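Summary of the model geometry
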Amino acid sequence: NQETHPYQTDEIDLKKLFNSLIARKFFIFGFTGLVTLFAIIYALNLAPTYKAISAFTSPTEASVYNINKLPLTDSTKELVFAEFLKKISSREFQKKVFLEGDFLTLFNPDNTHIDNVEKFISGSIGAVEVSPPGVTKRELDLGFLTEIPYSISMEGPNPETIARYVNELVVATNDNVVNELINNSKQKANIRLKEIFLARKLILDKTKQRRLNKIEQLVEAAKIARSLGIIENNFNQIGDENITSNLIIAIGENQTLPDWYLYGEKALLERINALKSRENDAPFADEELFDLYIEQLTLELDVADLTKINSMQISNTAVAPTSPIKPNKRMIVSIACIVGFIMSILLALIMGALTNTEEETS
């Protein structure tokens, strides 16, 4: 009896497996070809997806300078650019631009019925993505990157439409942020102008009240002067050695002569008439009134050049892409071919095993 070694058994089994695959080579090639054919048909029927990209950086120093010329505005380029990024990333604002630009029609060129418009719009703008600049640590350490652009991209089946939407979204966002800056400035200015108006009115009312109080004081002084027979003023009599002591009033240090004595009834009545006939109390008000007037003129003076105000600067606009980013049809067909080939081999081995079992049983 010849001894059977394990390696001889393995060699016989491998030969059987190889012969089984050779015997079913047409099945293997046919199955692999069929799977590959289905993959080709599937890949050819997939709609291509394009991607449009626009890039932008923070606003220029000149633009921020003009922004800060707006009344009661003090901002920086970082704050302005942050507001732009916040607005352009807002789904609500993206939807607003989508509707106002009639992109609902442009994204549905065949005019097919849309059951859920909100879902359609959400699906369309869901392909919009705002990306921070992709900068490596080494590039940052070099220190020559002063303005790093952000980007906004959109994916879709129509290259011209997605490029147009991206560009309109960037422009609309910039206009919206600038208009908000201008409107906020106007609102602050209007509120401050109302405060100035009330403050001026209060100062004028106080000045008028001081005038009325002075009139009352002068009326009383005129009565006293009349009762004492002092008709003319006594300025020329003060310090005159020839004047009798009856006309001189002894006053101590830090004391003043009364109006009725200094001016006399005639002068006092003239002053009363002058105060009563005064039409404008502004020249006699406090210096604060003048300061408020200067502030009012400053708020009402429009010195900002609105044409030079931007919340960002565009690095490059989106153009209609010429080649799709997906699907990768070659990869789909290649993977299908490899998977089909592996599956066909496994099936062939299973079929061979079943055939051998039937022969042994019979």
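Refer to the structure above for everything that follows.
Remember, predicted model here, so these are calculated numbers, not experimental data.

**Comments concerning the environment of Leu 70**
Its place among the elements puts Leu 70 in the loop between α3 (61-67) and α4 (77-88). Given the relative accessible area of 6%, Leu 70 is considered buried. Counting along the chain gives 115 residues from Leu 70 to Ser 185, while the straight-line C-alpha distance between them is 6.2 Å. Not counting residues up to four positions away in its chain, the partners in contact with Leu 70 are Leu 181, Ile 182, Ser 185, Ala 304, Leu 306 and Ile 309.

**A look at the packing of helix α5 (residues 91-100) against helix α7 (residues 117-125)**
Put simply, α5 and α7 touch, their axes get as near as 10 Å, and they point 110° apart. Regarding the angle of α5 to α7, the classification is roughly perpendicular. Each of Arg 91, Gln 94, Lys 95, Phe 98 and Leu 99 in α5 lies in contact with α7, whose residues at this interface are Glu 118, Ile 121, Ser 124 and Ile 125. Looking at side-chain class alone, the contact of α5 with α7 contains four nonpolar, two polar and three charged residues.

**Concerning the nonpolar core**
Core analysis: the largest hydrophobic core is formed by 26 residues, its most contacted members being Phe 56, Phe 84, Ile 152, Tyr 165 and Leu 169. When contributions to this core are tallied by element, the ones reaching two or more residues are β1 (50-57), α4, α5, α7, β3 (150-156) and α9 (159-228). Tallying contributions element by element places α9 first for this core, with seven residues. Aside from chain neighbours lying at most four places away, what touches Ile 152 is Ala 52, Ile 53, Ser 54, Phe 56, Ile 88, Val 128, Glu 129, Val 130, Val 166, Leu 169 and Val 170.

**Concerning the packing of aromatic side chains**
For any pair of aromatic rings, the description consists of the separation of the ring centres together with the inter-plane angle of the planes. All chains considered together, the criterion is met by ten aromatic pairs. With a centroid separation of 6.1 Å and 10° between ring planes, the pair formed by Phe 81 and Phe 84 is classed as stacked. Of the two residues, Phe 81 and Phe 84 both sit in helix α4, three residues apart, roughly one turn of that helix. The same class applies to Phe 81 and to Phe 84, which are both buried. When the centroid spacing of 5.3 Å and the interplanar angle of 40° are considered together, the rings of Phe 98 and Phe 107 count as tilted. Here Phe 98 matches Phe 107 in class, with each residue buried.

Scoring rules and cut-offs
- Residues numbered from 1 in each chain as written.
- Predicted model: local features only at pLDDT ≥ 70, side-chain atom pairs only at ≥ 80, totals over all residues.
- Heavy atoms only, no water.
- Helix = DSSP H or I, 4+ residues; strand = E, 2+ residues; numbered from the N terminus.
- Buried < 20%, exposed > 50% of the residue type's maximum accessible area, 1.4 Å probe, protein only.
- Contact = heavy atoms within 4.5 Å.
- Axes fitted to C-alpha atoms, helices over the stretch in contact; angles between N-to-C directions.
- Parallel < 35°, antiparallel > 145°, perpendicular 65-115°, else oblique.
- Nonpolar A, V, L, I, M, F, W, Y, C, P; charged D, E, K, R; others polar.
- Core = buried A, V, L, I, M, F, W, Y, C linked by side-chain atoms within 4.5 Å.
- Phe/Tyr/Trp six-rings, centres within 6.5 Å; stacked < 30°, edge-to-face > 60°.

Worth remembering: the numbers are spatial, not functional.
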